[in-house]
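Overview (structure and organization)
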Amino acid sequence: QVQLVESGGGLVQPGGSLRLSCAASRSIFSFDAMFWERQAPGKPPELITRSTNGDSTHYVDSVKGRFTFSRDNVKNTVYLEMNNLKPEDTAVYYCGANMYGSSYWGQGTQVTVSS
């Protein structure tokens, strides 16, 4: 059983910052990879960053240089640090994990960027 719980979303002004957290119910070392997706209203889900088990992290072009994926292996938690937020970053953000060929997602957290 894999449970992922996101937190940290909210309303922020353009140019502001937020840090999302994702707490896992098991050791994050057990996952092949962890990732963050987002879904804006009326749009399909978008994979924005994915990190294999401690080796490499990839970002979609639209967030490169602004978003940073990090992990705390002791707390079994991963983070998404988001800086210089733009209105087009408004979406529900989901944490996810891959393990043994299956994928798991949390319940999502809303991020709204607006003045």
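Preceding this section is the structure that the text describes.
For clarity, every value in this text was computed on a predicted model and none was experimentally measured. (Residues numbered from 1 in each chain as written. Predicted model: local features only at pLDDT ≥ 70, side-chain atom pairs only at ≥ 80, totals over all residues. Heavy atoms only, no water.)

**Observations regarding the overall build of the protein**
Heads up, the condition is: In this description a helix means any DSSP run of H or I spanning at least four residues, a strand means any run of E spanning at least two, and both kinds are numbered starting from the N terminus. Radius of gyration: C-alpha atoms only; globule rule: 2.2 Å multiplied by the number of residues to the exponent 0.38. Relative accessibility decides the category of a residue: with a 1.4 Å probe and only protein chains considered, values under 20% of the type maximum give buried, values over 50% give exposed, and everything between is partly exposed. The accessible surface values rely on the Shrake-Rupley method and a 1.4 Å probe; as for residues, cover is taken only from the protein chains in view. Charged residues are defined here as Lys and Arg on the positive side and Asp and Glu on the negative side; His and the ends of the chain fall outside this count. By convention, the charge on Lys lies at NZ, on Arg at CZ, on Asp at CG and on Glu at CD.
Looking only at helices and strands, the protein features 0 helices and 11 strands. Helices and strands in the protein line up, N terminus first, as β-β-β-β-β-β-β-β-β-β-β. A compact globule built from 115 residues should have a C-alpha radius of gyration of about 13 Å, and the protein, at 13 Å, falls within 12% of that. When the backbone C-alpha atoms are referred to their principal axes, the protein occupies close to 40 × 25 × 25 Å. Burial statistics for the protein: of 115 residues in total, 40% are counted as buried. Working note: accessible area of the protein is about 6000 Å², and carbon and sulfur atoms make up 49% of it. Separation of charge centres in the protein, based on 10 positive and 10 negative side chains, amounts to 2 Å.

**Section: the pattern of salt bridges**
This is how it is decided: One speaks of a salt bridge when a side-chain nitrogen belonging to Lys or Arg is within 4 Å of a carboxyl oxygen belonging to Asp or Glu.
Scanning the entire structure with this criterion turns up 4 salt bridges. Between Lys64 and Asp61 there is a salt bridge, and its shortest N-O distance comes to 3.1 Å. Note on Lys64: relative accessible area 49%, which makes it partly exposed. Of the charged contacts in the structure, one is a salt bridge between Arg66 and Asp89, with a shortest N-O distance of 2.8 Å. Residue Arg66 is located in the loop between strand 6 (57-59) and strand 7 (67-72), and its partner Asp89 is located in the loop between strand 8 (77-82) and strand 9 (91-99); the two are separated by 23 residues in the primary sequence.

**Things to note about the nonpolar core**
The condition that has to hold: The nonpolar core is taken to be a set of buried Ala, Val, Leu, Ile, Met, Phe, Trp, Tyr and Cys residues, with the residues joined through side-chain atoms within 4.5 Å. Should any heavy atoms of two residues lie within 4.5 Å, those residues are considered in contact.
Met34, Trp36, Met82 and Tyr93 are the most contacted members of the largest nonpolar core, which has 27 residues in total. Counting residues per element, this core draws most heavily on strand 9, at 5 residues. Contact partners of Met34, with chain neighbours within four places excluded, come to Leu4, Cys22, Ile28, Thr49, Arg50, Ser51, Phe69, Val78, Cys95, Gly96 and Ala97.

**What about the side chain of Arg38?**
As a reminder of what qualifies: For this analysis, a polar contact is any N or O atom pair within 3.5 Å, provided that within protein one partner can donate a hydrogen and the other can accept it, and provided that sequence-adjacent residues contribute only side-chain to side-chain pairs.
Following the sequence through the fold, Arg38 ends up in strand 4 (residues 33-39). Of the polar contacts made by the side chain of Arg38, one reaches the side chain of Asp89; its length is 2.9 Å.

**Overview of the environment of Tyr79**
Inspection of the secondary structure puts Tyr79 in strand 8. Judged by relative accessible area, which is 10%, Tyr79 ranks as buried. Tyr79 sits 11 residues away from Thr68 along the chain, and the two C-alpha atoms are 8.0 Å apart. For Tyr79, the contacting residues outside a window of four places in its chain are Arg19, Leu20, Ser21, Trp36, Thr68, Phe69, Ser70 and Asp72.

**Some details on unusual backbone geometry**
Look at Asn84: it is not a glycine, yet its phi comes out positive at around 50°. If you trace the backbone, Asn84 turns up in the loop between strand 8 and strand 9. Of note in this structure, Tyr100 is not a glycine but carries a positive phi near 50°. Secondary-structure assignment places Tyr100 in the loop between strand 9 and strand 10 (102-105).

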